[in-house]
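Each chain, letter by letter, is given below.
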Amino acid sequence: MKGTNQITQESSRTSWGIYSRSNFTISGDGTLNISTKDGAVRGAAIYSEKNLEINGGTINATSGSVSSDNQGYGIGGGNDSILTIGENAKVTLTGPKGGTNMTVVNSEPGIGWTNTSGTEGKALIEASTSGQNLISYQKVQFPAKTVKATFVVKNGSWNDGEGEDATKDKTVILSGVENEALKLSAEEIPAVGSKPNDNYKEGSWDVTPDTETAITQDTTYTYTYDVISSDTSSGETNIEYEGSAPNKEKASIENSKEEARAIVGEKENVAESDTVNLILKTDSIDENSLSGEEKEAADSLKAMAEKNGLTVGSFLDVTLLYEIRDANGNQKESKQLTETNSKLKVRFPIPSRLQKKERLFSILRSHNSEMSIVGNGSGESVEVELDKFSLYAIAYEDGAAPEEPETKTESKSEYKPHTHEFAWDTVAATETTDGELRYQCKECGHILTRVPLSAYYVFNANTVEKITKAKQGETVKITTDRWISFHKMVFDALAARPDVSLEVSFLDGEYKGNRVSFTIPAGADTSDLFTEDNFAGFMYLGNKYGITAEEN
């Protein structure tokens, strides 16, 4: 089927737009609008005595009213006949006796209505491989689009919560048809704010849910009750370090003692007179001694590092513990924290054996089988923000760190003692070179603080900008010698511009090799292409969409 096709049957006795006595299939990328008039004795827009399979194209089948009790369907069928609707088909069936009386096998969810105008009894039709009866719907449409809104509460409960449901996440599934704006209703937004835990008060949403904003993708709304600082801001607080790692290689907490105390207060009721000890334990890990789940986690970190052009230099087991003692020195609580509500600033010293000029370091984490890169930087240490504590790795890439600026050098006879006057200076990142923010002395060039700026982020951000600003129907072309993957942000941009194609030219040998290319076509579903750590490799994408060798 190609182009746009129209069939209108106006017979007053038997009104069939299409009638088949055997199995038949509709495919292609065209459109078929087919209808029958009101008042016929019997009929249907399409009728198949056997099975009907719709693999592609757009089908709009509408039956008029008929006097026969067993007719008047958008698509009607004989006994035990099966209607199969494929993932590439767009189908709307309308009839006064039902959208269809056939057993429906549908690979994608749909929407059903109990009247022909599609204004009453709206319900989501789940995907089915075994077949289902949809005769109760006078109108059905495939595919449906669905999004999930998840509501999370921290440091307290939902206003209507009781028992286990008091803090349980709430989920709302919104469903609709193509181009329909999906919005929350007031009843679907949970009431919250009146049930804080001890030492907490009314808080706020990270993103405030409302009934006016269209939700275009799965979204999580988190309400966090605020800590009452006066309950946990006084009393003795200690930050301690333990573990088998050498002292100079132990990770350290860079937060203030007040912030550390508040983090413990998020988990326990801390009295003003209590002593709080927050303990960060860093154990050096010998990869050869690992087995079972720990060995699998280490192997997964090495695989992720290799995929991102990194080499793992060392493994560390990072554990966070806390202890609370009352005013008399009696222990009230002692626990390990695998996760925290608020993030801790943690500095990872780089072992001297790994330090090298122009080497960029990345901190990798394995937590509950989820692998992620939590930060990077150069120099003698890397500072990151953490809320999960488990197996970490220090990985590196040579030649990726920004070059050091030339500092002023003066002979001893010309040198003049001075007071450092620091100011922020930016070395901008490009798609091929990392940059950084430097808190640097204007006089002598001494650098007090460094904040890395990622070249990989710039590459992805530039790609997103090109997609966003592309003309209608344009093919955006990306050429790179350095990068071999996209971040999830690129696929989010493509989802927002389904009219845009993306052509990518890269080297098939990871930064070297032959130049090849692939194209992600306009409108392609890219929502499940990326991994749990939100990356998708170019070779994987090329194998999916077809890879082409380019001429030298």
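For the structure, check the block above.
What you are looking at is a predicted structure, and each value in this text was computed from that prediction instead of being measured.

What counts as what
Residues numbered from 1 in each chain as written. Predicted model: local features only at pLDDT ≥ 70, side-chain atom pairs only at ≥ 80, totals over all residues. Heavy atoms only, no water. Phe/Tyr/Trp six-rings, centres within 6.5 Å; stacked < 30°, edge-to-face > 60°. Buried < 20%, exposed > 50% of the residue type's maximum accessible area, 1.4 Å probe, protein only. Helix = DSSP H or I, 4+ residues; strand = E, 2+ residues; numbered from the N terminus. Lys NZ or Arg CZ within 6 Å of the ring centre and 35° of its normal. Pairing = 2+ DSSP bridges. Core = buried A, V, L, I, M, F, W, Y, C linked by side-chain atoms within 4.5 Å. Contact = heavy atoms within 4.5 Å. Axes fitted to C-alpha atoms, helices over the stretch in contact; angles between N-to-C directions. Parallel < 35°, antiparallel > 145°, perpendicular 65-115°, else oblique. Nonpolar A, V, L, I, M, F, W, Y, C, P; charged D, E, K, R; others polar. Salt bridge = Lys/Arg side-chain N within 4 Å of Asp/Glu carboxyl O. Polar contact = N/O pair within 3.5 Å; in protein donor to acceptor, adjacent residues only side chain to side chain.

**Section: the packing of aromatic side chains**
For any pair of aromatic rings, geometry is given as the distance between the ring centres together with the angle between the planes. What the rule picks out here adds up to 16 aromatic pairs. The interplanar angle of 80° and the centroid separation of 5.1 Å between the aromatic rings of Y223 and Y225 together place this pair among those described as edge-to-face. Taken individually, Y223 and Y225 each receive the classification buried, so the pair is uniform in this respect. With centroids separated by 5.5 Å and ring planes inclined at 40°, the aromatic side chains of F348 and Y392 adopt a geometry described as tilted. Residue F348 is located in strand β28 (residues 339–349), and its partner Y392 is located in strand β32 (residues 391–398); the two are separated by 44 residues in the primary sequence. What makes F348 buried here is its relative accessible area of 1%. Overall, the relative accessible area of 1% leaves Y392 in the buried class. Within the aromatic cluster, the residues linked to one another by ring pairs are F459, W483, F486, F491, F506, F518 and F538. Above the plane of the ring of W113 lies K139, whose end atom (NZ or CZ) is 5.5 Å from the centre. Positioned over the ring face of Y545 is K544, at 5.7 Å from the centre of the ring.

**Observations regarding the sheet that holds strand β24 (residues 252–253)**
Sheet architecture is open: 3 strands sit in the order β24-β28-β31, paired in antiparallel fashion. A strand with exactly one partner marks an edge of an open sheet, and here the two such strands are β24 and β31 (381–388). Bridging between β28 and β31 involves 7 bridges; their strand directions are antiparallel. In the sheet register, R347 faces β31, and the bridge partner there is E383.

**Let's talk about the nonpolar core**
Ranked by size, the top nonpolar core spans 29 residues in total, and within it L278, L280, L320, L344 and F348 carry the most contacts. Within the residue set of this core, elements represented by two or more residues are α2 (257–265), β25 (275–285), β26 (311–325), β28, β29 (359–367), β31 and β32. With 5 residues, β26 is the largest single contributor of residues to this core. For L278, the residues in contact, after removing those within four places along its chain, are N238, I239, E240, I253, A260, V264, L320, L321, Y322 and L344.

**Details of unusual backbone geometry**
For the bond from F142 to P143, the omega torsion is -5°, close enough to zero to count as cis. For P143, the position within the fold is in the loop between β16 (139–142) and β17 (145–154). Even without being glycine, N155 reaches a positive phi, approximately 70°. Along the polypeptide, N155 turns up in the loop between β17 and β18 (156–158). Judged by its relative accessible area of 8%, N155 is buried. Positive phi values are uncommon outside glycine, yet N199 reaches one of about 70°. Residue placement: N199 occurs in the loop between β20 (192–196) and β21 (200–205). A relative accessible area of 12% means that N199 is categorised as buried.

**What to know about the pairing of strand β9 (residues 82–85)**
Only one face of β9 is buried: it carries L83 and I85, and the other face, with I82 and T84, is open. As paired strands, strand β6 (residues 52–54) and β9 are joined by 3 bridges and run parallel to one another. Bridging from a neighbouring strand, L52 pairs with L83 of β9. Pairing of β9 with strand β12 (residues 103–106) involves 4 bridges; the strand directions are parallel. Residue L83 lies in a different strand from β12, and its bridge partner there is V104.

**Some details on the packing of helix α4 (residues 455–468) against helix α5 (residues 488–496)**
Interaxial distance between α4 and α5 falls to 9 Å at its minimum, and their mutual angle equals 5°. Of the possible angle classes, the one that applies to α4 and α5 is roughly parallel. Residues Y457, N460, A461, T463, V464 and I467 of α4 touch α5, and the partners they reach there are M489, V490, A493 and L494. Its residues placed into classes, the contact of α4 with α5 shows 8 nonpolar, 2 polar and no charged.

**Details of the pattern of salt bridges**
A full pass over the atoms with the stated rule returns 19 salt bridges. Across the pair E268 and K335 runs a salt bridge whose closest N-O atoms are separated by 3.1 Å. Here E268, found in the loop between α2 and β25, pairs with K335, found in strand β27 (residues 331–337); they are 67 residues apart in sequence, far enough to count as distant. What makes K335 partly exposed here is its relative accessible area of 39%. A salt bridge links K356 to D398; the nearest nitrogen and oxygen atoms lie 3.8 Å apart. Of this pair, K356 sits in the loop between β28 and β29 while D398 sits in strand β32, and the two are 42 residues apart along the sequence. Taking the relative accessible area as the measure of exposure, D398 reaches 41% and is therefore partly exposed. What emerges from the salt-bridge pattern is a single network uniting K356, R359 and D398.

**Quick notes on the side chain of K139**
For K139, the position within the fold is in strand β16. Ignoring sequence-local partners within four residues, the contact set of K139 consists of T92, L93, T94, G99, I111, G112, W113, N115, T116, S117 and G118.

**Describing the environment of Y322**
Positionally, Y322 belongs in strand β26. Here Y322 falls in the buried class, since its relative accessible area comes to 2%. The contact partners of Y322, leaving out residues within four places of it in the chain, are V264, K267, E268, N277, L278, E333, S334, K335 and L337. Among the polar contacts listed, one links the side chain of Y322 to the side chain of E268, at a separation of 2.7 Å.

**Focus: the sheet that holds strand β19 (residues 170–176)**
The mixed open sheet is built from 4 strands, whose spatial order is β19-β17-β22-β21. Of all strands in the sheet, those bounded by a partner on one side alone are β19 and β21. Across the sheet, the axes of successive neighbouring strands diverge by a mean angle of 20°, strand direction being ignored. Where β17 and β19 come together, 7 bridges link them in antiparallel fashion. Note on β19: the bridge partner recorded for T150 is T171.

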